[in-house]
Amino acid sequence: DIVLQLPDTKGQSYCENDLLPPGVCNLLNPAAIYANNEISLGDVEIYGFDYDYTLAQYSNLLHSMIFNTARDILIEQFKYPEGLGKYDYIPGFAIRGLHYDVQKSLLMKIDAFHYVQLGTAYRGLKPVPDEEVIELYGGTQHIPLYQMSDFYGKGPSLKQFMDIFSLPEMTLLSSVIDYFITHNIEFDQVHLYKDISDAIRDVHVKGVMYKWIEKDMEQYILHGDEIYAVLNRLVNHKKKLFLITNSPFSFVDKGMKHMVGKNWRDLFDMVIVQADKPNFFTDRRKPFRKLDDKGSLQWDKINQLEKGKIYKEGNLFDFLRLTGWRGSKVLYFGDHLYSDLADLMLRHGWRTGAIVPELETEIRIINTEQYMHSLTWQQALTGLLERMQMYQDAESKQVLLEWMKERQEIRSLTKNLFNPQFGSIFRTFHNPTYFSRRLVRFSDIYMASISCLLNYDVNFTFYPRRTPLQHEAPLWMDQLCTGCMKTPFLEEMVHIR
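Residue numbers here run from 1 along each chain, matching the order of that chain's written sequence. Since the coordinates come from a predicted model, pLDDT governs what is reported: local features require at least 70, and pairs of side-chain atoms require 80 or more to be given and counted, while whole-chain, interface and lining totals use all residues. Side-chain figures throughout are based on the complete set of non-hydrogen atoms in the structure, without hydrogens or water.

A.B. asks: Would you take a moment to explain the sheet that holds strand E9 (residues 158-160) for this structure?
C.D. replies: Either a parallel or an antiparallel arrangement is found when strands of a sheet pair, and the pairing is made through backbone hydrogen bonds. In space, the five strands of this open sheet follow the order E8-E7-E6-E5-E9, with antiparallel pairing throughout. In this open sheet, the two strands that pair with only one neighbour each are strand E8 (126-127) and E9. Taken together, the two bridges between strand E7 (residues 116-123) and E8 define a ladder with antiparallel strand orientation. Within E8, the residue paired with Arg-123 across the bridge is Lys-126. Any two strands are treated as partners once DSSP identifies two or more bridges connecting them. Per the convention used, a helix needs a DSSP run of H or I reaching at least four residues, while a strand needs a run of E reaching at least two, with both numbered from the N terminus.

Given below as structure tokens:
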């Protein structure tokens, strides 16, 4: 048996077989805001918002509706086999941030260093063996940069799903492939991917989704009262507010009336709908157009953006010229790291806030005792493997092999706590995911919902925690979560019998 000797803990008592002191598991707050970059809200004068999944958070019921409607479009309009009608949406099958290799029909999770996380590659609804994945990519798990995403997640052969709306799309893609493979039907991968993308797009473009939500706001829209509280508080502190969304005015108007009240537009200095992001941020060609109160287009040339008016299309360059709102006094919130945040941060110097609804669930899992135990023992085993690998005798090698096997088993167990197929959206075992790296790159702060702002003063300064670079790590104690719980030094871990 392996017995881990814990160091003196100044009077803290441990349960038998426990690795953790009591009360250590409630470390992270799902309603907190987390900082990638130092930012003082006191310096922010103007707050901007996306609408879908930023101001308006939707219930998971919406994903089933999108899946079912797009599936029926494939059958009725694209003449796909009627047998597809037997497939229903699988909640929790996919996670955000996955990549899809169109030519190989592979849906997979890729880490920040462009490596496929083994065990997370799926063709259809079934996992592809690790050996086959490695063979498919020429004997490596690595995906070359030229095949990977461009700036907006669309590479020549790989597409990254960064939108929360893409969860039903990934599940439909996997379901259709599963049907074709199961029934030995040959298919062209490129056509299949395009057909499914078009079917999903039709659900959005033809306004079907908007009708569902408008019909039953209570069922689909979450946190409405809190959104009113956030916006009202900002206005009361003399902050300017604006909204830039790709959704149409009538849909946004109904949703905002439901959440905020009939006079919601009084809170905003600027409202821009059907903006065509990310092109809104990069393309100078589309001028602004004004809408009247009923949402009908006006024809006059726009020389100023007036409070209380609704504008359509336009571009960021005209927006900056007409408002004079520039640089770090502007903080913009969105859920899509590419379409909402990347250009604003990198090209224009705005501060950015990412809305990551999955954060709430992931933090609740991190706070469980099961996760804490798994992570602590993983850290211990990793330290042991690193220190003990110098011993080359047969007995030591056997012990090392057993430890490596145990470490892999614990890592898989930990992954399954988040999602049995793909794990956490933030981690691939020890590395950050490709999604995580983009989150850090394109957002100053991130949070589960806009309502998290209610937990902070309007002049609050967010300070990112200093974490060790690898060459600094020996100076630091290994820390778990926020550092409230110190795992043992590796010196103590040598006491193994």
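Resuming the write-up.
A.B. asks: How should the pairing of strand E6 (residues 106-110) be read in this particular structure?
C.D. replies: A regular strand carries its side chains on alternate faces of the sheet. Burial analysis of E6 places five of its five residues in the buried class, which makes it a mostly covered element. Here's how the labels work: a residue is buried when its accessible area is under 20% of the maximum for its type, exposed when over 50%, partly exposed in between, all with a 1.4 Å probe on protein chains only. Going residue by residue along E6, you find Leu-106, Met-108 and Ile-110 tucked away on one face and Leu-107 and Lys-109 tucked away on the opposite face as well. Where strand E5 (residues 99-101) meets E6, three bridges bridge the pair, whose relative direction is antiparallel. Paired with His-99 across the bridge in E6 is Met-108. Connecting E5 to the next strand, E6, in antiparallel fashion are four residues, including Ser-105 with a positive phi near 55°. Where E6 and E7 come together, three bridges link them in antiparallel fashion. Paired with Met-108 across the bridge in E7 is Ala-121. Between E6 and E7, which follow one another and run antiparallel, lie five residues, and His-114 among them has a positive phi close to 75°.

A.B. asks: Got a minute to help me understand the UniProt feature "binding site: GMP" (unreviewed entry) in the chain in this structure?
C.D. replies: UniProt positions are given in the numbering used here, feature names are shortened, and annotations may be inferred rather than shown by experiment. UniProt records the feature "binding site: GMP" (unreviewed entry) at Asp-52, using the numbering of this structure. Residue classification places Asp-52 among the buried residues on the basis of a relative accessible area of 11%. Setting aside chain neighbours within four positions, we find Asp-52 in contact with Tyr-58, Phe-165, Thr-245, Ser-247, Phe-251 and Asp-335. The contact rule is simple, with two residues in contact once any of their heavy atoms fall within 4.5 Å.

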